[in-house]
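Listed below, chain by chain, are the residues.
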Amino acid sequence: MKTILRGKTNDVIIDTNGPVIIIGECINPTRRKKLISTLQEGNFDYVLELAESQIKAGADVLDVNIGFPGVDDVKLLPETVLAIIGSFDIPLCLDSPNPKAIEAALKVAGGKCLINSVNGEEKSLKVLLSIAKEYEAAIIGLTMDDDGITHDPEKRLAIAEKILERAVKAGIKEEDVIIDPLAMAVSADSKACVVTLETIRLIHQKLGLNITMGASNISFGLPGRDDLNSVFMSLAILNGLTCPIANPEKITAAVRASDLVLGKDDFAVRFVEYFQNRK
Ligand code: THG
């Protein structure tokens, strides 16, 4: 299965048989007070710095999340998108709970974006699938619905199937549906990671779709976050994860190593190139 995203001109292909694609997570105000203060001043220099450093570190796509208390995201999300595409030719993943902000951003973005995210709730499917169809965007489908979050991988698979079915009915191509199996803090629930890994395996085997997740979520509240995230990343890639949302400065080495070990990097070209460029 191949999902094609596009910046201004640059195509990025997420291929279930290809190397892992990294969606850079860092344009996100979580613990980044400087991002909030600069955006409040209408200053996009720091956003562009975060874009550049992530691209240098291996990001193929950039997640754009400007959610903070009191923000007018219908205005700010498209402004941020315009700032980024004015300087970089890279596909964007529009990360907002507000469909109006997503639509406003899609209006200015061009290329082919990823909507982050749709979920199995009726309200979400109704509003966002028609927006995705209208702007020819791909979607991330979160495996939760009106009953909330289940800890049963088979039930998460059933929600993924429902999202896929509804998306195809709305005229969205199957390959434009990417599933998020939900990665949650393992400090709060010792089974959180195994549930996610099993969900990834099921979605990969039964639906064959591309799979993403917020890969840094699992380590909240723990020491050794980078090591923990890297181990989980490798196991998730083995099970079928193809496009994690993560910090490229911390995760690219583990991603390149996983691709090499899993036979997706002939002659270790990408692996060697990564370490040469890092020096
Ligand atoms: N699924 C989908 N989208 C998502 C998530 C998901 N978007 C948001 C989030 N989860 C993924 N993005 C982040 C961004 C930052 C952090 C975690 C997830 C993060 N920040 C550091 C911290 O909190 O300590 C600070 C910055 C850093 O060290 O890099 O961890 O699950 N579809």
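The paragraphs below set out a description of the structure included in this document. In this text the structure is predicted, and so the values were computed from the model without any measurement. (Residues numbered from 1 in each chain as written. Predicted model: local features only at pLDDT ≥ 70, side-chain atom pairs only at ≥ 80, totals over all residues. Heavy atoms only, no water.)

1. With respect to the pattern of salt bridges
- Following the criterion strictly, the structure yields seven salt bridges and no others.
- Across the pair Arg201 and Glu198 runs a salt bridge, and its minimum N-O distance is 2.9 Å. A residue pair is termed a helical-turn pair when its members lie 3 or 4 positions apart in one helix, as Arg201 and Glu198 do in helix H7 (residues 192–206) at three residues.
- Here Asp226 makes a salt bridge to Lys250, at a shortest N to O gap of 4.0 Å. Taken together, the positions of Asp226 in helix H8 (residues 225–239) and Lys250 in helix H9 (residues 248–261) put the pair 24 residues apart, joining distant regions of the chain.
- For Asp226, a relative accessible area of 36% corresponds to the partly exposed category.
- Take Lys250: its relative accessible area is 47%, and that puts it in the partly exposed class. (Salt bridge = Lys/Arg side-chain N within 4 Å of Asp/Glu carboxyl O. Helix = DSSP H or I, 4+ residues; strand = E, 2+ residues; numbered from the N terminus. Buried < 20%, exposed > 50% of the residue type's maximum accessible area, 1.4 Å probe, protein only.)

2. Observations regarding the packing of aromatic side chains
- All told, the structure shown has two aromatic pairs when counted by the stated rule.
- For the pair Phe271 and Phe275, a centre-to-centre distance of 5.0 Å together with 55° between the ring planes defines the contact as tilted. Of this pair, Phe271 and Phe275 both sit in helix H10 (residues 269–278), four residues apart, which is roughly one turn of that helix.
- Phe275 gets classed as partly exposed once you look at its relative accessible area, which sits at 29%.
- Look at Tyr274 and Phe275: their rings are 5.0 Å apart centre to centre, the planes differ by 80°, and that puts the pair in the edge-to-face class. (Phe/Tyr/Trp six-rings, centres within 6.5 Å; stacked < 30°, edge-to-face > 60°.)

3. Description of the nonpolar core
- Membership of the largest hydrophobic core comes to 70 residues, with the highest contact counts inside it found for Leu92, Ile115 and Ile139.
- Not counting chain neighbours up to four residues away, the residues in contact with Ile139 comprise Leu114, Ile115, Val118, Leu129, Ala132, Ile163, Ala167, Asp176, Val177 and Ile178.
- Formed by 16 residues, the second largest nonpolar core is a distinct cluster that contains Ile14, Ile21, Met144 and Cys243. (Core = buried A, V, L, I, M, F, W, Y, C linked by side-chain atoms within 4.5 Å. Contact = heavy atoms within 4.5 Å.)

4. Some details on the environment of Asp72
- Along the chain, Asp72 falls in the loop between strand S4 (61–64) and helix H3 (73–87).
- Given a relative accessible area of 46%, Asp72 falls into the partly exposed group.

5. Some points on the sheet that holds strand S3 (residues 23–27)
- If you trace the eight strands from one edge of the open sheet to the other, you get S9-S8-S7-S6-S5-S4-S3-S10, paired in parallel fashion. Two strands bound the open sheet, and with one partner strand each, they are strand S9 (210–211) and strand S10 (245–246).
- Bridge count between strand S6 (residues 114–119) and strand S7 (residues 138–142): four bridges; the pairing is parallel. Across the sheet, the residue bridging to Leu114 is Ala138, located in S7.
- This element, helix H6 (residues 153–169), spans S6, S7 and strand S8 (177–180) of the sheet and lies at about 150° to S7. (Pairing = 2+ DSSP bridges. Axes fitted to C-alpha atoms, helices over the stretch in contact; angles between N-to-C directions.)

6. Here we look at the site of the ligand
- Near the ligand there are 18 residues, and of these Asp95, Asn116, Asp180, Asn217 and Arg225 occur at the shortest range.
- Between Arg31 and the ligand, the recorded distance is 3.2 Å, taken from a side-chain N or O atom to an oxygen atom.
- In isolation the ligand has 670 Å² of accessible area, and contact with the protein removes 83% of it.
- Split into classes, the residues belonging to the shell around the ligand amount to four nonpolar, seven polar and seven charged. (Near = heavy atom within 4 Å. Polar contact = N/O pair within 3.5 Å; in protein donor to acceptor, adjacent residues only side chain to side chain. Areas by Shrake-Rupley, 256 points an atom, 1.4 Å probe, with all protein chains shown as cover. Nonpolar A, V, L, I, M, F, W, Y, C, P; charged D, E, K, R; others polar.)

7. Examining the packing of H6 against H7
- Two elements in contact, H6 and H7, have axes whose closest approach is 9 Å; the angle formed by their N-to-C orientations is 45°. On the basis of the axis angle, H6 is oblique to H7. Where H6 crosses over H7, the handedness of that crossing is right-handed. Only Val195, Thr196, Glu198, Thr199, Leu202, Ile203 and Lys206 of H7 make contact with H6, whose side of the interface consists of Pro153, Glu154, Arg156, Leu157 and Ala160. (Parallel < 35°, antiparallel > 145°, perpendicular 65-115°, else oblique. Left-handed = near helix turned anticlockwise from the far one by under 90°.)

8. Some details on H3
- In this model H3 runs 21 Å from its N-terminal to its C-terminal C-alpha over 15 residues, within 8% of the 21 Å that 1.5 Å per residue would give.
- Taken as a whole, H3 has its buried residues at Asp73, Leu76, Leu77, Pro78, Thr80, Val81, Ala83, Ile84 and Ile85.
- Close packing links the buried residues of H3 with S3, helix H1 (33–40), helix H2 (45–57), S4, strand S5 (92–95) and helix H4 (99–109). (Expected span 1.5 Å × (residues − 1).)

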